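Structural description and commentary
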Amino acid sequence: MKLATWGSAALAVCLAMGGVAPLRAQQSESIAASSITSEMDDSNYGSYESCNTCPSGGYGAGGLFGGLGDRNMQLVFGAEYIYAQATFSEALAYVEQDAIEGGETWHQIDFNYNSNYSFYGGVYLCDCGGSVIFDYTRLTSDGDYAASESTGVDIFGPFEIDGNIDGHASVDLKSYDLSFAKTIPLGCLLGGAGCGDCCDDTCCGDGSCGNGCGGGWCPAWDITWSGGVRYANVGWGNTITATDPNGGAFIDSANTSLNFDGFGGRVGLLGRRYIGKRGLFSVYGRGDWSLLFGNVDIQTIVTNQAGSAFLRTSNDITVPVTEIELGASAHLGQHATLSAGYFWSAWHDLGMSPEYAFDQFQISHFDDANILGWNGLFGRVEVAF
């Protein structure tokens, strides 16, 4: 098989860190006689190694960046809408005790889904699907709760804030990621059948698959590995107040807050399957793992009519973070990709951590193995120039 001309060639920005979907669309003007000529002629195909659409000479040539600027590259920008909910492994709101029948019910804080966002940008290096991306993500979630004592029912809140109570909790997470990602094409030519490795003689014959990075062919699968660094700031607060049920006068309150600042490394792996003979749609799964070292501060201030007192702890910790994302993408021409899906994440040792003595309903210690989790939907739009 001999390739006569390739008109516009598309790109695919594969990013595991920010979830950047490969921008894959390639114009095929004409192909010499072959078994798949009718399928490929005058159509868009996925490819992230044919760099005809990348600016010649790249950006920033000369000077300090002369070596990098001489390479073909594209600028990539993306924005993400995230509808997410915080979920703690334990976030106690209050304990309800049945004084007549006996037994207790432990009520947890139910956090709401909030609207959140993420922005990213960087460069796509056209040779073999490399990319360098900076990503900023912010996640927030909150929840309210309330309870009142009645005949035969007693209400116990954290830090002995009992009786007629109401509370509010909130979580705020900000992360900053800088990563390098590399894409490896796998599988057969889109639209082909039974051809095995698309860079062998069975499919290409004359070696037109290029250097093994995909030049001139459109694989049905690819995987992307990534590595980089992350800085994160995580904070949450929980305020509970007791008032007199006859008139609503203030009795006492407790406010607990956590703040964590950490820095560390992050690695990830993404697998993508392209759908259709032109590869304009795809589904993917991504996993990322971070290990952050930093300082955590936890403080509780208890206030009543006599004054205020506080409990405080501060120490250095190492926080593991696990993130999983499943989604689908639509590759709109050469310069835009739309993606949507669902994600889960777990930030260890950053949960709401007061633990209580079961016999007295009073705090006994801070738990050091509580998880702050997140889950939710996302929608992403990405453009490249």
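Residues numbered from 1 in each chain as written. Predicted model: local features only at pLDDT ≥ 70, side-chain atom pairs only at ≥ 80, totals over all residues. Heavy atoms only, no water.

Under an unreviewed UniProt entry, the name given to the protein is Legionella pneumophila major outer membrane protein, and the source organism is Lacipirellula limnantheis.

**Focus on the environment of Asp144**
Relative to the assigned elements, Asp144 resides in strand β7 (residues 130-147). Judged by its relative accessible area of 53%, Asp144 falls in the exposed class. When the C-alpha atoms of Asp144 and Thr239 are compared, they prove to be 9.7 Å apart, with 95 residues separating the residues in sequence. Filtering out sequence-adjacent residues up to four positions away, Asp144 remains in contact with Gly167 and His168. Among the polar contacts listed, one links the side chain of Asp144 to the side chain of His168, at a separation of 2.7 Å. (Helix = DSSP H or I, 4+ residues; strand = E, 2+ residues; numbered from the N terminus. Buried < 20%, exposed > 50% of the residue type's maximum accessible area, 1.4 Å probe, protein only. Contact = heavy atoms within 4.5 Å. Polar contact = N/O pair within 3.5 Å; in protein donor to acceptor, adjacent residues only side chain to side chain.)

**Observations concerning unusual backbone geometry**
Notably, Phe159 is not glycine yet its phi reads approximately 55°, a positive angle. Mapped onto the secondary structure, Phe159 falls in the loop between β8 (153-156) and β9 (165-189). For Phe159, a relative accessible area of 11% gives the class buried. Phi is positive for Glu160, which is not a glycine, with a value near 60°. Structurally, Glu160 is set in the loop between β8 and β9. Under the relative-accessibility criterion, Glu160 is labelled partly exposed at 44%.

**Regarding the nonpolar core**
If you look at the biggest cluster of nonpolar residues, it comprises 43 residues, and the most contacted ones within it are Phe88, Phe111, Phe260, Trp347, Leu350, Leu372 and Trp374. When residues of this core are assigned to their parent elements, the largest contribution, 5 residues, is made by strand β10 (residues 219-243). The contacts of Phe260, once residues within four sequence positions are left out, are Ala232, Asn233, Val234, Leu292, Gly294, Asn295, Val296, Ile317, Val319 and Leu350. (Core = buried A, V, L, I, M, F, W, Y, C linked by side-chain atoms within 4.5 Å.)

**Observations concerning the sheet that holds β8**
Within a sheet, adjacent strands bond to each other through the backbone by hydrogen bonds, running parallel or antiparallel. Strand order in the open sheet formed by 3 strands is β5-β4-β8, and the pairing between neighbours is antiparallel. Either end of the sheet is taken by a strand with one partner, and the two such strands are β5 (104-108) and β8. In this sheet, adjacent strand axes meet at a mean angle of 20° when their direction is disregarded. Relative to β5, strand β4 (residues 92-98) runs antiparallel, the two being bridged by 5 bridges. Bridged to Tyr94 within β5 is His107. (Pairing = 2+ DSSP bridges. Axes fitted to C-alpha atoms, helices over the stretch in contact; angles between N-to-C directions.)

**Points about the side chain of Ser253**
Inspection of the secondary structure puts Ser253 in strand β11 (residues 250-275). Setting aside chain neighbours within four positions, we find Ser253 in contact with Ile161, Ile240, Thr241, Ile301, Val302 and Thr303.

**Here we look at a nonpolar patch on the surface**
Where nonpolar side chains cluster on the molecular surface, the patch consists of Ile184, Leu186, Trp221, Ile223, Trp225, Val267, Leu269 and Trp289 and spans about 740 Å² of accessible area. Sort the elements by how many residues they give to the nonpolar patch and β10 lands first, with 3 residues. Note on placement: Trp289 falls in strand β12 (residues 281-304). (Patch = residues over 30% accessible without salt bridge, like charges linked within 9 Å, V, L, I, M, F, W, Y side chains within 5 Å. Areas by Shrake-Rupley, 256 points an atom, 1.4 Å probe, with all protein chains shown as cover. Salt bridge = Lys/Arg side-chain N within 4 Å of Asp/Glu carboxyl O.)

**Observations concerning the packing of aromatic side chains**
Tallied over the full model, the rule gives 10 aromatic pairs. Aromatic side chains Tyr117 and Phe119 sit 5.6 Å apart centroid to centroid with 50° between the ring planes, which places their arrangement in the tilted category. Judged by centre distance (5.0 Å) and plane angle (40°), the rings of Tyr136 and Tyr176 are tilted. Taken together, the residues Tyr136 in strand β7 and Tyr176 in strand β9 connect sequence positions 40 residues apart. Overall, the relative accessible area of 18% leaves Tyr136 in the buried class. The exposure class of Tyr176 is partly exposed, given its relative accessible area of 30%. Every member of this aromatic cluster is reached through a ring pair, and the members are Tyr117, Phe119, Tyr136, Tyr176 and Tyr231. The ring of Phe310 carries the charged tip of Arg312 above its face, separated from the ring centre by 4.4 Å. (Phe/Tyr/Trp six-rings, centres within 6.5 Å; stacked < 30°, edge-to-face > 60°. Lys NZ or Arg CZ within 6 Å of the ring centre and 35° of its normal.)

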